[in-house]
Amino acid sequence: MSDQPGPLLLLDSASMYFRAFFALPDTMRSPDGTPINAVRGFLDAISRLVEAHRPSRVVACWDDDWRPAFRVAAIPSYKEHRLSDDGGEEVPELLTAQVPIIVDVLAALGIPRLGSPGYEADDVIGTLVAREVAAADRAREVLVMTGDRDLFQLVDDDAGVTVLYPMRGQKEPQRIDEEWLREKYGVEGGQAYADMATLRGDPSDGLPGVAGIGEKTAASLLAQHGTLAGIIEAANDSGSSLTATQRKRILAAADYLAVAPTVVQVARDAPVAEDRGELGEVPADGDALLELAERWGLESPLRRLVDACAAAS
């Protein structure tokens, strides 16, 4: 058996439990009638990932702030359409009631739940990826489980960073590597994906993009000019290969392009606590885990997850 550590698995927690909530019926209930479909789906998803990839460490990354002030200051429309009447995030009531259960279960398991005040889970993931890549005793691979395409920007074959992304009609998540990005979007790597996303925009996040510049045009411009900065430089050069229309559109979006990277790029240096998430320490509190399993009717999914962690470690 190799002494090389297994992958570091980073979970985009909210992405996963939202997906579980909408994928499974809310007729899944605890003994007291509380819906537990998001909890069960979240736990089962972690079990499948641990069984398939045998990570040595797992970290559940958390949204301490789903709409950070620094992003809203840059682009006020950022996630604006998701605001509830009270100014928070609009979340189904039946899901809101399940999040504290997930928090308690993760604590009893000993899977660290790491967030950072003023930052999203994406930023926590970006920071942990940067730390791991720089570490001398790093894992051989970093796996990021998410349903958020924004995190495709972290893909880096040389650094061993791969995104696992759920695809409709596929039982297992798609491995997103540089070849996949090249074939799907025509971009060369994670940073190029981020530049393309900035140009294209994203209505689901309230990012307008550059009017008239879609995904294919953005990828083509990046192939010609290398980076977003290179495209902007070409727009300011009347002798460049940009068409007059392309130049006009990019220059018209100068104010947006000056601030959009701040919103699109994930942080790599957020103040995130140090916790390695070693699977050999699962469960951290067996008595608490047993109590939670009985209270919420989670005996089977928790047994499977604990067994999977034991086998992986």
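Every chain's residues receive numbers from 1 upward, in the order its sequence appears when written. Local features are withheld for residues below a pLDDT of 70 in this predicted model, meaning they are given only at 70 or higher, and side-chain atom pairs are given and counted only at 80 or more; totals for whole chains, interfaces and linings count all residues. Hydrogens and waters are ignored; side-chain quantities use all the structure's heavy atoms.

Under an unreviewed UniProt entry, the name given to the chain is 5'-3' exonuclease, and the source organism is Oceanitalea stevensii. Of the comments in the UniProt record for the chain, the one headed Function (unreviewed entry) reads "5'-3' exonuclease acting preferentially on double-stranded DNA." UniProt positions are given in the numbering used here, feature names are shortened, and annotations may be inferred rather than shown by experiment.

A word on the overall build of the chain. On a plain count of helices and strands, the chain comes out with 14 helices and six strands. A compact globule built from 313 residues should have a C-alpha radius of gyration of about 20 Å, and the chain, at 21 Å, falls within 12% of that. Across its three principal axes, the chain shows a C-alpha extent of roughly 70 × 55 × 35 Å. Note on classification: 1.4 Å probe, protein chains only; a residue is buried when its accessible area is under 20% of the maximum for its type, exposed when over 50%, partly exposed between these limits. Per-residue burial for the chain yields a buried fraction of 50% across its 313 residues. Of all intrachain contacts in the chain linking residues separated by at least 6 positions in sequence, the fraction that spans at least 24 positions is 70%. Accessible surface area values rest on a Shrake-Rupley calculation with a 1.4 Å probe, where residue burial reflects the displayed protein chains alone. When the accessible surface of the chain is split by element, carbon and sulfur atoms take 49% of a total near 14600 Å². Each helix is a run of DSSP H or I of at least 4 residues and each strand a run of E of at least 2, with the numbering of both proceeding from the N terminus. Each radius of gyration is computed over the set of C-alpha atoms, and the globule rule expresses the reference value as 2.2 Å times the number of residues to the power 0.38. Residue contacts are counted whenever heavy atoms from the two residues lie within 4.5 Å of one another.

Attention now moves to the packing of aromatic side chains. Pairs were defined over the aromatic rings of Phe, Tyr and Trp, the Trp ring being its six-membered one, requiring ring centres within 6.5 Å. Orientation was assigned from the angle between planes: stacked under 30 degrees, edge-to-face over 60, tilted for the rest. One pass over the full model with this rule turns up 11 aromatic pairs. Ring centres of Tyr-17 and Phe-42 lie 6.4 Å apart, and the angle between their planes is 75°; on these two criteria the pair is classed as edge-to-face. Of this pair, Tyr-17 sits in helix α1 (residues 13–23) while Phe-42 sits in helix α2 (residues 37–53), and the two are 25 residues apart along the sequence. For the pair Tyr-17 and Phe-42, a shared accessibility class is recorded, and that class is buried. Each ring, one from Tyr-185 and one from Tyr-193, has its centre 5.2 Å from the other, and the planes form 70°; the classification is edge-to-face. Summarising the burial analysis for this pair, Tyr-185 and Tyr-193 share the class buried. The rings of Phe-152, Tyr-165, Trp-180, Tyr-185 and Tyr-193 are connected pair by pair, giving a single aromatic cluster. The rule is short: NZ of Lys or CZ of Arg within 6 Å of the ring centre and within 35 degrees of the ring normal puts a charge over the ring. Positioned above the aromatic ring of Trp-62, the side-chain terminus of Arg-113 is 4.8 Å from the ring centre.

Turning to the sheet that holds strand β2 (residues 57–61), a few remarks are in order. We call two strands paired when DSSP finds no fewer than two bridges between them. Spatial strand order, β3-β2-β1-β4-β5-β6: six strands in an open sheet with mixed pairing. Looking at strand neighbours, the two that pair on one side only are β3 (113–114) and β6 (174–176), the edges of this open sheet. Axis geometry follows a simple rule: fit a line to the C-alpha atoms, using only the stretch in contact for helices, then measure angles between N-to-C directions, giving values from 0 to 180 degrees. Helix-sheet contacts for α2 involve β1 (8–12), β2, β4 (142–145), β5 (161–165) and β6, and the interaxial angle to β1 is about 160°.

What follows concerns the pairing of β5. Burial of β5 is extensive: five of the five residues sit out of reach of the surface. Alternating positions in β5 separate into two faces, Val-161, Val-163 and Tyr-165 on one and Thr-162 and Leu-164 on the other, with burial throughout. Note: β4 against β5, four bridges, orientation parallel. By the bridge assignment, Met-145 is partnered in β5 with Leu-164. Across three bridges, β5 lies against β6 in antiparallel orientation. Paired with Leu-164 across the strands is Arg-175, a residue of β6.

Residues that lie three or four places apart on an α-helix share one face, since the helix turns once every 3.6 residues. Most of helix α8 (residues 190–200) sits inside the fold, with 10 of its 11 residues counted as buried. For α8, the full list of buried residues reads Gly-190, Ala-192, Tyr-193, Ala-194, Asp-195, Met-196, Ala-197, Thr-198, Leu-199 and Arg-200. Elements that come into contact with the buried residues of α8 comprise α7 (178–185), α9 (215–225), α10 (228–235) and α12 (254–264).

On to the nonpolar core. Nonpolar core, defined: a set of buried Ala, Val, Leu, Ile, Met, Phe, Trp, Tyr and Cys residues in which side-chain atoms within 4.5 Å join the residues together. In this structure, Leu-10, Phe-152, Leu-181 and Val-187 are the most contacted members of the largest nonpolar core, which totals 57 residues. Here this core gets six residues from one element, more than from any other, and that element is α8. If we ignore the near neighbours within four places in the chain, the residues touching Leu-181 are Phe-152, Val-155, Ile-176, Gly-186, Val-187, Gly-189, Gly-190 and Tyr-193. The next biggest cluster of nonpolar side chains, apart from the first, holds 42 residues, and it includes Met-16, Ala-45, Leu-279 and Cys-309.

Counting through the fold element by element, Ile-111 comes out in the loop between α5 (99–109) and β3. When the C-alpha positions of Ile-111 and Leu-128 are compared, they lie 15 Å apart, and in sequence the two are 17 residues distant. Excluding residues that lie within four positions of it along the chain, Ile-111 makes contacts with Val-58, Ala-60, Leu-106 and Val-282.

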